[in-house]
Amino acid sequence: MNLKLGSWPFPAGMPAHLCWVKSPRQVGRDKQWQQKVLFQGQNGMFHERMLPWGVVPALKLGVQFVNGEVSGRSSAGDVKVFRLGDTATCRFTSSDYLRNEWLDRVREYQRQLLVEHCVCIEDGETRLWMPCIEVARAFFAINKQLAYLLLDPMGLSKICSSELEGGKVRVHFNKEMPVASINKLLAARVATIRHHAPWDGAWRQVWNRSIKNPGEPTVYSQLYCCPPTVNGSTWSVRGIQCENGFFVLEIRGIRTQAKLPFDEVAYTHPHLTFSPDGGESAEACDGSGSGGGSREEHSDDGEIDSGTLPPKRSRNPLHGPMAVSFMEFGNGVKVLRHCGEGWPKPRRSKVPEGGEGGEVEVTATKLKGPVRVSLNDDGGLGEILAAEFKPIEELVDVPPGLKSFITAVKGMKKVKVACTIKAVPDESPLAKLHDGQRHFVLVHVRAFGRWPGKGYVLEIDSSDGHRVSTLVFLPKGDFHALDTANKMLKECFAKGRYWTSDTIKNEETVLKYELVRHRLLEPVHWGGRLRSKINLLDGDIPENARISLMDQ
């Protein structure tokens, strides 16, 4: 489902940019964390809103909103890449004295809004200025629950315990964490915060620099948050030039050669479902305590309540996807969700009569029209449904030859997608493109609605004019989809550098497949054709076949 801001103050269809975000305060009878947010419409008019702190994962400065929803149009500012050396330094400063067109616009409306802390990263002549709230959003507040735990002295210990041993992290989520809110990206980020010293220190810093006034609840003057990764890192940011550096509106992602102290993360939850043979989890189901299915597959819009009433306590919030900043380290990390040796045995979900096990499917009650949801902290007596962001990694630096395909995939209706772009293996006959490296995109599609289905789509960059049919497939058994894709790219091509059906049929890692020829179609029609192939592919899966899911 899509999450949008309710009670939108601008005329229907008018674009408005997010200009500024203030530090959170506890307000109202229920002491919910709220923040002041400033928008400016295309007509030049400003509007301030008080929003729940849980909305902060969606609040990227300069992002364009239409009718309360983030639009697909270009956001303000320019995207640049900065490479920082080993001598880069980081210090706190104030945004109040920085001068550029963006900050002057806020200053003209109300100077007091700019009383917020910024971070300045300096490396020789390079200076990056960024609000501390943007640092907190990019590194830590990737969903509603982590945003609130960032302001809590107990922090992550409220939702999980974990241990690091032999380069492997085991994360045990408890019942306070809705199981439908967990995915591999979230588990990896939690493990990084708990077991990588720079990240742990930066996380704790936010609470430790808070102020407690006698006789009053804990409040934050201005939020402090320092980037845990600076030296020897490469930053992809969106922003605008200011008189003494570059002012960052959005941290799009960071790459660093620094290595994490682990290369594998395994996580569990009391309400994960397991395949009949006790292997890796096929899907997470509802953590309501009754063993029901997830309600997240839901095609209606959710209007975020801007009041201070908390939602009715819910173990099963409605979910909306949210692209988060990518964080890449010097070592790759494998994330698993399974019950390994020494783990407490989780409760198995009941399998419906006549089912084959492995996955419990429960359809949500159809909600007509936008439903009112809350991103305030749980725990109140309100009647509003709880909502949560489901973090997904945003694709950046998409090769030109794959952009139209990505557009087609994003335009598919009633589906959830997860995309990974990788270089074609050197052993493949298609490895080279224009004397450079050719890339491919692997998309995991989960369709729902009248014709549900799931599968993987593999598309290869064809910007040199060499078009290869799109491959739609299901991996077999315990084989990981990305490993299967790499193996086929190496072994399943004829001398003319085209797919050969015989080699794909004999590939032990592939359960079923379809080859889809390229046609001169508009992206929306191309996406619809791919979905029809996925529905066909997933229509008759052999008994006891278990699908290995890619990161979502």
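Everything numeric here is computed off the predicted structure, so don't read it as measured data. (Residues numbered from 1 in each chain as written. Predicted model: local features only at pLDDT ≥ 70, side-chain atom pairs only at ≥ 80, totals over all residues. Heavy atoms only, no water.)

Trainee: Can you walk me through empty space enclosed by the protein in this structure?
Mentor: The gaps of empty space that remain are located by a probe, the size of a water molecule, rolled over the atoms. Across all of its chains, the model carries one cavity of 30 Å³ or more by this definition. Quantified by volume, the largest cavity comes out at close to 100 Å³. Taken together, Trp20, Val21, Val56, Leu59, Leu61, Glu116, His117, Pro131, Cys132, Ile133 and Glu134 form the lining of the largest cavity. A per-element tally of the lining of the largest cavity places helix 2 (residues 132-139) first, with three residues. The class makeup of the residues in the lining of the largest cavity is eight nonpolar, one polar and two charged. (1 Å grid on protein atoms, 1.4 Å probe; cavity = no way out; pocket = protein on both sides within 12 Å on 5 of 7 lines; lining within 4 Å. Points joined across faces, edges and corners; volume = space filled by probe spheres on them. Helix = DSSP H or I, 4+ residues; strand = E, 2+ residues; numbered from the N terminus. Nonpolar A, V, L, I, M, F, W, Y, C, P; charged D, E, K, R; others polar.)

Trainee: Sorry if this is basic, but what is going on with the side chain of Gln35 here?
Mentor: The residue Gln35 is located in strand 4 (residues 32-41) in this model. Setting aside chain neighbours within four positions, we find Gln35 in contact with Val21, Lys22, Ser23, Pro24, Arg49, Met50, Leu51, Pro52, Trp53, Val55, Val56 and Leu59. (Contact = heavy atoms within 4.5 Å.)

Trainee: What am I meant to see in helix 1 (residues 101-109) here?
Mentor: An α-helical segment advances 3.6 residues per turn. Residues three or four places apart therefore align on the same side. Regarding helix 1, the residues found buried are Trp102, Leu103, Val106 and Arg107. With its buried residues spanning 135° around the axis, helix 1 presents them on a single face. Opposite its buried face, helix 1 presents the exposed residues Glu101 and Glu108, each directed more than 90 degrees away. Two or three places before Trp102, at the start of helix 1, stands the capping residue Asn100, its side-chain oxygen 3.0 Å from that residue's backbone nitrogen. (Buried < 20%, exposed > 50% of the residue type's maximum accessible area, 1.4 Å probe, protein only. Arc of directions from axis to C-beta. Polar contact = N/O pair within 3.5 Å; in protein donor to acceptor, adjacent residues only side chain to side chain.)

Trainee: Looking at this structure, I do not really get the environment of Ser428. What am I missing?
Mentor: For Ser428, the position within the fold is in the loop between strand 23 (415-423) and strand 24 (432-433). You can call Ser428 buried: its relative accessible area is 5%. Measuring from C-alpha to C-alpha, the distance between Ser428 and Lys490 comes to 4.2 Å, with 62 residues separating the pair along the chain.

Trainee: Would you mind showing me how to read the sheet that holds strand 13 (residues 168-173) here?
Mentor: Either a parallel or an antiparallel arrangement is found when strands of a sheet pair, and the pairing is made through backbone hydrogen bonds. As summarised here, the arrangement of the four strands in space is 12-13-16-20, forming an open sheet in which the pairing is mixed. Edge positions in the sheet fall to strand 12 (160-165) and strand 20 (334-337), since each of these pairs with one other strand and no more. Put simply, the sheet's adjacent strands are angled 15° from each other on average, direction ignored. Examined bridge by bridge, strand 12 and strand 13 share six bridges and lie antiparallel to one another. Bridge pairing in strand 13 links Leu164 to Val169. Contacting strand 12, strand 13, strand 16 (264-268) and strand 20, helix 4 (residues 184-195) crosses the sheet at an angle of about 70° to strand 12. (Pairing = 2+ DSSP bridges. Axes fitted to C-alpha atoms, helices over the stretch in contact; angles between N-to-C directions.)

Trainee: So what exactly am I meant to see when it comes to the pairing of strand 15 (residues 245-256) here?
Mentor: Looking along a regular strand, one sees the side chains alternate between the two faces of the sheet. Buried residues dominate strand 15, accounting for 11 of its 12 residues. Note that strand 11 (residues 126-131) and strand 15 share two bridges and pair parallel. In the sheet register, Trp129 faces strand 15, and the bridge partner there is Phe247. Strand direction decides the pairing type here: strand 14 (residues 233-242) and strand 15, joined by 10 bridges, are antiparallel. Note on strand 15: the bridge partner recorded for Gln241 is Phe246. Hairpin connection from strand 14 to strand 15: two residues lie between these consecutive antiparallel strands. Here three bridges tie strand 15 to strand 19 (residues 326-328), and the two strands are oriented parallel to one another.

Trainee: Would you explain the pattern of salt bridges in this entry?
Mentor: Pairing of side chains with opposite charge becomes possible as their charged atoms draw close. Throughout the structure, instances matching the rule amount to 16 salt bridges. Notably, a salt bridge pairs Asp104 with Arg107, separated by 2.5 Å at the nearest N-O pair. Taken together, the residues Asp104 and Arg107, both in helix 1 and three residues apart, mark about one turn of the helix. Arg107 sits in the buried class, given a relative accessible area of 10%. The salt bridge partner of Lys487 is Glu507, with a shortest N-O separation of 3.0 Å. Here Lys487 is found in helix 7 (residues 481-491), whereas its partner Glu507 is found in the loop between helix 8 (501-505) and strand 29 (510-516), with 20 residues between them in sequence. Residue classification places Lys487 among the partly exposed residues on the basis of a relative accessible area of 27%. (Salt bridge = Lys/Arg side-chain N within 4 Å of Asp/Glu carboxyl O.)

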